[in-house]
Amino acid sequence: MKCFNHRDQDAIAICKHCGKGLCQQCVVETAGGASCRGNCEENVAALHLLLLRGKKVYQKTSKAQLRTGIFIVVMGSAFLVFGVLEEIPPLKIGLCTMGTIFIIWGVFVWRSAREFKQV
Ligand SMILES: [Zn+2]
Ligand SMILES: [Zn+2]
């Protein structure tokens, strides 16, 4: 691949925004990666910022979901304990079923939070 501006020069990088080949003279290193001089510099940097922000949102979502998952499991466990202690059969079955559903749901939420973290 040759430089977009200098046909006789080999490209050493590709602009992240417009995809043009760039030689040593034309390439600019921004926080987001290689870019050509001028318009693209800003765009590549902006894209990088956007990505960073997206990552932070992911981490926040993950933490919130982790808490929600734990909360649901704790609630489910409480239902289950009440269910085990309950002596009236229909109530006992109801509480145990609800407790089990809550715990499964909570574990599911918790697991999806861990998947978020790996992004
Ligand atoms: Zn460019
Ligand atoms: Zn060039």
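Residues numbered from 1 in each chain as written. Chains lettered and ligands numbered in written order. Predicted model: local features only at pLDDT ≥ 70, side-chain atom pairs only at ≥ 80, totals over all residues.

Participant: It is not clear to me how the domain arrangement of the protein should be interpreted in this structure. Could you clarify?
Facilitator: How big an interface is tends to be stated in terms of the accessible area lost upon association of its parts. Segmenting the protein into domains produces domain 1 (1-37) and domain 2 (53-118). Look at where the C-alpha atoms of domain 1 and domain 2 centre, and you get two points 51 Å apart. (Domains from an automatic or database assignment.)

Participant: Would you take a moment to explain the pairing of strand β4 (residues 33-36) for this structure?
Facilitator: Regular strands place their side chains on alternate faces of the sheet. Relative to β4, strand β3 (residues 27-30) runs antiparallel, the two being bridged by 4 bridges. Looking at the pairing, Val 28 lines up with Ser 35 of β4. Counted along the chain from β3 to the antiparallel partner β4, the turn is 2 residues long. (Pairing = 2+ DSSP bridges. Helix = DSSP H or I, 4+ residues; strand = E, 2+ residues; numbered from the N terminus.)

Participant: Sorry, what's going on with the environment of Cys 3 here?
Facilitator: By the secondary structure assignment, Cys 3 is in the segment before β1 (13-14). With 21 C-beta atoms packed within 10 Å, Cys 3 lands in the buried category. It is 4.7 Å that separates the C-alpha atoms of Cys 3 and Gly 21, two residues lying 18 residues apart in sequence. With residues near it in sequence (within four places) discarded, Cys 3 still touches Gln 9, Ala 11, Gly 21, Leu 22, Cys 23 and Cys 26. (Buried ≥ 20, exposed ≤ 12 C-beta atoms within 10 Å, placed from the backbone. Contact = placed C-beta atoms within 7 Å.)

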